[in-house]
Every structure is written in structure tokens, then in C-alpha cells.
Amino acid sequence: MQPAARTNLADTAIDNIRAEIVSNRWPVGDRIPNEAALADMLGVSRGTVREAVRVLVAQGFLETKQGSGTYVRSIINPDESLLRIRRTGLRDQVEARCALEVEAARLAALRHTPEVVADLRQLLADRGEYAAARHDYYVEHDLAFHKAVVAASCNLALIEVYEFFSVSTQEIIRATVTGELPEPDMAAHAAIIDAIESGDPDKAASTARAFMAPLLIELDRLLAS
């Protein structure tokens, strides 16, 4: 690590610390040097180090554990990754959403509880109440339903990935509301719940795949025209 330049010290400190993380010299899960050690390494004040760490925590690279220290959380900037995802084509985003929801439904069929099914039915009912209301409320409740399906998978990694994609998913839902893409009806949503409740993972996966199929077909038609 190089000492920080005297101009724009905090930004330089951020860049240098981030470089250590991205290069995997400080692997994910490792505790980074303490504030005093970083200040010596960078040739800056502890206040500058504190500000740099605060920014990197906000960006998702680091996490601070009270009384323990600061640890590497990720070598990827979630904001930058999300921006790259948003630059991909709509069909790519729908395909990614389909893959996540199909696997989530499959796992949910194996792991659901009666309470989970009841919650899904209530969320679907809430979604229906907003069908003729303001678009933003409807999109919010539709997204809440799909997040709950993914949460029913009980797979924490899958839940986190879907949360990461939630902005993209929200935009896809909004495109269905505005008529740019076909909107699956209440029956199609209810079929997912029924398939999960059946306990048959293959049925749940195929139902979720069928749910997404009209969107993909329409995108193919639009791209071919």
C-alpha cells in the first residue's frame, strides 16, 4: 500500500484501501488493520482513515463489528454491479429474474410452512386491492409478493441475490403495468402459491416458469420486429 497523496487525502485513502480489498490481499471475512495502523500505512490522520472506512462501509466493501473491528464484507461494489445490470437488455433481466424465481419456487415447495402459504395468499390479496389504484402502490405490492416467494425458499444466498436484483425486478413489473409487457393475472400468481403448497418441487418450478413465459415470448416478438 502506498502512502496517500497530500491532495484529496480521504479519496486517496479510500482508493488505496479499496485496492487492497479488490486485489484480495485482504480476503472477504478478514479483519483489516486497525485505525492507527492504517493511518501509519497511508501517512494520514486517523480522522482521514475513519472517513475512508465510513465510505467503504457505505459502499458495501467493509462492515464494522462493535468491539471487534472492521472486516472485509465484499470485493464487489454493489452499486457498480447494479449499474452494470441495469445496462443489460430487458430480456437478459427477465431471464435472470425467471431463473431466480423458478428455483425459489422449487425450494419453497420443499420448505414452506402453512404460515408461509397464508402470508403469500394475504400478500396476493393486498396486491389485488391495488390493481386499479396508483401504479406505484401496485408495483410495490406485486414486488412484495415475489420477494415473499423467494423468501419462502429459506435460501439466504438466493434471498440476497434477489434483493440485489430488486430494482431491476421492479422495473420489469412496472413495464407490465404500463402495458409494455404482458401482466400475469391473479390466477397465474395464485397458481404459484398452490404449487408451493402442493409440496411438489417440480410442479412449483414449472408453474413459476410458465408464469414468466409470456413475458419472454413477448420480448422475443418485440426484438424480432
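What this report covers is the structure whose coordinates are included nearby. (Residues numbered from 1 in each chain as written. Predicted model: local features only at pLDDT ≥ 70, side-chain atom pairs only at ≥ 80, totals over all residues. Heavy atoms only, no water.)

Some thoughts on the pairing of strand E1 (residues 62-65)
Sheet faces and side chains relate simply in a regular strand, where the side chains alternate between the two faces. Formally: Note on pairing: two strands pair once DSSP finds at least 2 bridges between them. Numbered from the N terminus, helices here are DSSP runs of H or I no shorter than four residues, and strands are runs of E no shorter than two.
With 4 bridges joining them, E1 and strand E2 (residues 69-72) adopt antiparallel strand pairing. The residue of E2 that forms the bridge with Glu63 is Tyr71.

Quick word on the nonpolar core
Put simply, the rule reads: Remark: nonpolar core denotes a set of buried residues (Ala, Val, Leu, Ile, Met, Phe, Trp, Tyr, Cys) joined through side-chain atoms within 4.5 Å. The classification of residues rests on relative accessible area computed with a 1.4 Å probe and restricted to protein chains. Under 20% of the type maximum is buried, over 50% is exposed, and intermediate values are partly exposed. What makes two residues a contact is simply this: any of their non-hydrogen atoms within 4.5 Å.
The biggest cluster of nonpolar side chains holds 28 residues, and the ones touching the most others in it are Val94, Leu120 and Ile196. Of all the elements in the fold, those that place two or more residues in this core are helix H5 (90-111), helix H6 (114-129), helix H7 (135-151), helix H9 (166-177), helix H10 (186-198) and helix H11 (201-224). Residue contacts for Val94: discarding those within four places in its chain leaves Ile172, Met212, Leu215, Leu216 and Leu219. Formed by 18 residues, the second largest nonpolar core is a distinct cluster that contains Leu38, Leu42, Val44 and Val72.

What to know about empty space enclosed by the protein
Operational definition: Using only the protein atoms, space was sampled on a 1 Å grid; points where a 1.4 Å probe fits but cannot get out form cavities, open sets with protein on both sides within 12 Å along at least five of seven lines form pockets, and lining residues are those with an atom within 4 Å of a point. Grid points are joined across faces, edges and corners, and a volume is the space filled by probe spheres set on the points. Under this grouping Gly is polar, as are all residues other than the nonpolar Ala, Val, Leu, Ile, Met, Phe, Trp, Tyr, Cys and Pro and the charged Asp, Glu, Lys and Arg.
As enumerated under the stated definition, the model contains 2 cavities of 30 Å³ or more in all. Taken as a whole, the largest cavity holds about 50 Å³ of empty space. Lining the largest cavity are Arg97, Asp142, His146, Ile173, Thr176, Glu183, Pro184, His189, Phe211 and Leu215. Listing elements by their share of the lining of the largest cavity, those giving two or more residues are H7, H9 and H11. Looking at the lining of the largest cavity, its residues break down into 4 nonpolar, 3 polar and 3 charged. Taken together, Glu101, Ala105, His146, Val149, Ile192 and Ala208 make up the full set of residues lining the second largest cavity. When its residues are assigned to classes, the lining of the second largest cavity shows 4 nonpolar, 1 polar and 1 charged.

Describing the packing of H5 against H9
Put simply, the rule is: Under this scheme, a helix contributes an axis fitted over its contacting stretch, all axes are lines through C-alpha atoms, and angles between N-to-C directions fall in the 0 to 180 degree range. Note on angle classes: values under 35 degrees are labelled roughly parallel, values over 145 roughly antiparallel, values of 65 to 115 roughly perpendicular, and the remainder oblique.
The interhelical angle for the contact between H5 and H9, taken along N-to-C directions, is 110°, at an axis separation of 10 Å. Considering their axes alone, H5 and H9 lie roughly perpendicular with respect to each other. Where H5 approaches H9, its residues Leu90, Gln93, Val94 and Arg97 are matched on the opposing element by Ser168, Thr169, Glu171, Ile172 and Ile173.

Notes on helix H3 (residues 46-58)
Basically, it comes down to this: The span one expects for a helix is its residue count, reduced by one, times 1.5 Å. This arc is taken over the directions from the axis of the helix to the C-beta atoms.
Compared with the 18 Å implied by 1.5 Å per residue over 13 residues, the 18 Å span of H3 between its first and last C-alpha is a close match. Every buried residue belonging to H3 is among Thr48, Val49, Ala52, Val53, Val55 and Leu56, and all of these are buried. Projected onto a plane normal to the axis of H3, the buried residues spread over an arc of 160° and lie on a single side. Considering only its buried residues, H3 is in contact with helix H1 (9-22), helix H2 (35-42), E1 and E2. Positive backbone phi, at 95°, marks Gly60, one or two positions downstream of H3.

Geometry only, nothing functional implied.
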